[in-house]
Amino acid sequence: MCATCGCGESDGSVITIETHTHDGHTHTHHHVHEHEHDHPHETLTLEQKVLAKNDAIAEQNRRWFADHAITVLNLTSSPGSGKTTLLERTIRELSGRRSVSVIEGDQETTLDADRIHSAGANVVQVNTGAGCHLDASMIERALAKLQPADSSVLFIENVGNLVCPAMFDLGEMGKVVVISVTEGTDKPLKYPHMFAAATLVLVNKIDLLPYVDFDLESCSQYARLVNRDVTVLPVSAKTGEGLDAWFTWVEMNCRASIDSD
Ligand SMILES: Nc1nc2c(ncn2[C@@H]2O[C@H](COP(=O)(O)OP(=O)(O)OP(=O)(O)O)[C@@H](O)[C@H]2O)c(=O)[nH]1
Ligand SMILES: [Mg+2]
């Protein structure tokens, strides 16, 4: 996991909310690799500790969400698959029916938070600096600022990355993987952990299907090879095609959260 890419070193230190901060530890990558080769056992133990600590905080988050009947969906994808575009449309669609808030995760900038704010939702930007994923403690801190309403929907837009976000439970109800047709049919096979962790797969940018080599049927089959029961919905966040099925899915999950409260 992050001992491989180095972002685990940034855990809890580079994160700032609504600001742009580096911790200056750009040498981390090299250090962790050396450590891994010299002491594989210590590296494994460190990874387990990081994940165990994360899981404990994620469980607290999950309990808090349940107590407040908040539906929480964690959107993951490679960079640029269309998560923010999808959220902009979703916020506009849900407005008037549900209170929607968003936690935006990016290494740098508040660009996505600005877009979400313009679309009409409460938003907090988390900048991870060198980190390549959100973790549960970042969500805990963001919640203190965001204070989402009871029975509302909270979308978490994770850092664009199909690897590490698969391993970090944030306390969400489900992970939604957004893959776009420009990325290639084989992504579920190449990044199986992310697809295995997903509750829903959205195949975005289907308006571009006539122009790219992408086999929707094969991609769906690959997703089901790693996650037998996963739902796959083809959509275009640009044209709106297929989005009704997504809105219905979100609404169904909202009702489930409220009923189980
Ligand atoms: N043709 C087409 N373009 C889209 C669609 N959805 C998003 N885009 C474009 O894809 C680009 C990236 O979209 P974003 O919504 O910023 O993607 P993202 O996943 O939030 O990106 P990161 O946060 O950087 O990971 C933008 O130029 C969008 O206009 C779609 O359904 N069809
Ligand atoms: Mg985005």
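Provided above is the structure to which this section pertains.
Here's what I pulled together on the structure shown here. These numbers come from a predicted model, not from an experiment.

## Things to note about the overall build of the protein chain
- Scanning the protein chain from terminus to terminus reveals 10 helices and eight strands.
- Within the protein chain, buried positions represent 43% of all 261 residues.
- Contacts spanning at least 24 positions in sequence make up 75% of the contacts within the protein chain whose residues lie at least 6 apart.

## Thoughts on the pairing of strand β7 (residues 198-204)
- Across the seven residues of β7, five count as buried, placing the element largely inside the fold.
- As defined by bridge partners, β7 adjoins strand β8 (residues 231-234) across four bridges and the pair is classed as parallel. What sits directly across from valine 203, in β8, is proline 234.
- Of the crossover connections in this fold, the one passing from β7 over helix α9 (residues 216-226) to the parallel β8 is right-handed.

## A word on the site of ligand 1
- Close contacts around ligand 1 come from 17 residues, with Gly82, Thr84, Thr85, Gly160 and Lys238 the closest.
- Its residues assigned to classes, the shell around ligand 1 comprises three nonpolar, nine polar and five charged.

## Remarks on the nonpolar core
- Core analysis: the largest hydrophobic core is formed by 59 residues, its most contacted members being Ile139, Ile156, Val201 and Val203.
- The element that contributes the greatest number of residues to this core is helix α6 (residues 136-146), accounting for five residues.
- Contacts of valine 201, omitting those with residues within four sequence positions, involve Val177, Ile179, Phe195, Ala223, Val230 and Val232.

The rules we used
- Residues numbered from 1 in each chain as written.
- Chains lettered and ligands numbered in written order.
- Predicted model: local features only at pLDDT ≥ 70, side-chain atom pairs only at ≥ 80, totals over all residues.
- Helix = DSSP H or I, 4+ residues; strand = E, 2+ residues; numbered from the N terminus.
- Buried ≥ 20, exposed ≤ 12 C-beta atoms within 10 Å, placed from the backbone.
- Contact = placed C-beta atoms within 7 Å.
- Pairing = 2+ DSSP bridges.
- Right-handed = clockwise from strand over helix to strand, strands pointing away.
- Near = placed C-beta within 6 Å.
- Nonpolar A, V, L, I, M, F, W, Y, C, P; charged D, E, K, R; others polar.
- Core = buried A, V, L, I, M, F, W, Y, C linked by C-beta atoms within 7 Å.

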